Every structure is written in C-alpha cells, then in structure tokens.
Amino acid sequence: MSQTGLGVALKTLRERRTLSLREIGQLSSVDHAYVHRLESGEKANPSPDLVEKLLRVLKPVERDAALVMWLVDHAEADPRLVEFVLNDPSITIDIFSAAAGVRHRGNVRPDPATLIARIQRAFEDEDD
C-alpha cells in the first residue's frame, strides 16, 4: 500500500514531537499498531474523533491541525504535496486545499513547489 497524505502528516507531526509509535499510542489511547497502519497507508479513513485524540497529543499549530482534519475527508491528496506544505509554514490551508484539489491531465503531476506557486499566483490575480 502506498503512503497517504494523512499518513505523511501524522508521521511528520509525530516526529516533530520526537514521539515513538508506542508513546503516541499510550498518550492518545490509540493502539500504536493502528497509528503505524495510518502512517504507512495500510489503513485510511479514521474517524474524526480518533484523529482528534492524536492531534491532542501531537499539539500541532492551528494550520497543521486544520490540514490533518482536511486530509481525513480527502484521502486522495498527494503525499508529496502534504509533506511540502508541512515544511513551509507560509502556505495557508486555503492554498493547500486548492492545490490538492487540482486535477491534472496525463500521468505527470507538477512538483509541489510549482503547483503551489501556480495556485498562489491565481489567488493573487483574484485579489487584483
């Protein structure tokens, strides 16, 4: 199974807090094996309540928490885009969700930096 955007986000946030899978499991009362399956993409579509338990332990900034909750309902989000956005706090949730919703022709997706730049330009053009 390939990694999901939600899995990338959860793993990134867990590693930022330097928590092991067992530690997050104990602190959140969510089985650590289930957390691992979410991170690896083996499991998808957890309940919002379960994700909120994890977020209480992970303590992300507001934007990152919103991104994770958005990903609960959008399993198809590109994991590379999620990773890119988590590593650049200047990208808003609106820009991210617009970029994640873009459909591409053909088999080749633009790299996340190019896609975000295009969306930001489009948002700026709307403001003018």
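Residues numbered from 1 in each chain as written. Predicted model: local features only at pLDDT ≥ 70, side-chain atom pairs only at ≥ 80, totals over all residues. Heavy atoms only, no water.

Colleague: Could you clarify how one ought to interpret the UniProt feature "domain: HTH cro/C1-type" (unreviewed entry) in the protein chain in this entry?
Modeller: This chain's UniProt record puts "domain: HTH cro/C1-type" (unreviewed entry) on residues 10–59. Its end C-alpha atoms 11 Å apart, residues 10–59 is made of 70% helix and 0% strand. (UniProt positions renumbered as here; feature names shortened; annotations may be inferred. Helix = DSSP H or I, 4+ residues; strand = E, 2+ residues; numbered from the N terminus.)

Colleague: Looking at this model, I keep getting lost on helix 5 (residues 62–72). Mind explaining?
Modeller: The periodicity of an α-helix, 3.6 residues per turn, causes residues three or four positions apart to be oriented the same way. Summarising burial for helix 5: eight of the 11 residues are buried, a large majority. When we look at burial in helix 5, the residues that qualify are Arg 63, Asp 64, Ala 65, Leu 67, Val 68, Trp 70, Leu 71 and Val 72. On its buried face, helix 5 is in contact with helix 1 (5–16), helix 4 (48–58), helix 6 (79–86) and helix 7 (93–100). (Buried < 20%, exposed > 50% of the residue type's maximum accessible area, 1.4 Å probe, protein only. Contact = heavy atoms within 4.5 Å.)

Colleague: So what exactly am I meant to see when it comes to the pattern of salt bridges here?
Modeller: A side chain with one charge may pair with a side chain of the opposite charge, provided their charged atoms come close. If you walk through the whole model with that rule in mind, you get four salt bridges. Residues Arg 80 and Asp 78 are paired through a salt bridge, measuring 3.6 Å at the closest nitrogen-oxygen approach. The class of Arg 80 is partly exposed, set by a relative accessible area of 41%. Accessibility expressed as a relative area gives 14% for Asp 78, which makes it buried. (Salt bridge = Lys/Arg side-chain N within 4 Å of Asp/Glu carboxyl O.)

Colleague: Is there a simple way to explain the environment of Glu 52 in this structure?
Modeller: Here Glu 52 lies in helix 4. Classification of Glu 52 as partly exposed rests on a relative accessible area of 37%. Separated by 13 residues in sequence, Glu 52 and Ala 65 have C-alpha atoms that sit 8.9 Å apart.

Colleague: Can you help me understand the side chain of Asp 64 in this one?
Modeller: Inspection of the secondary structure puts Asp 64 in helix 5. Take Asp 64: its relative accessible area is 3%, and that puts it in the buried class. In this structure, Asp 64 is in contact with Leu 13, Arg 16 and Leu 86, ignoring residues within four places of it in sequence.

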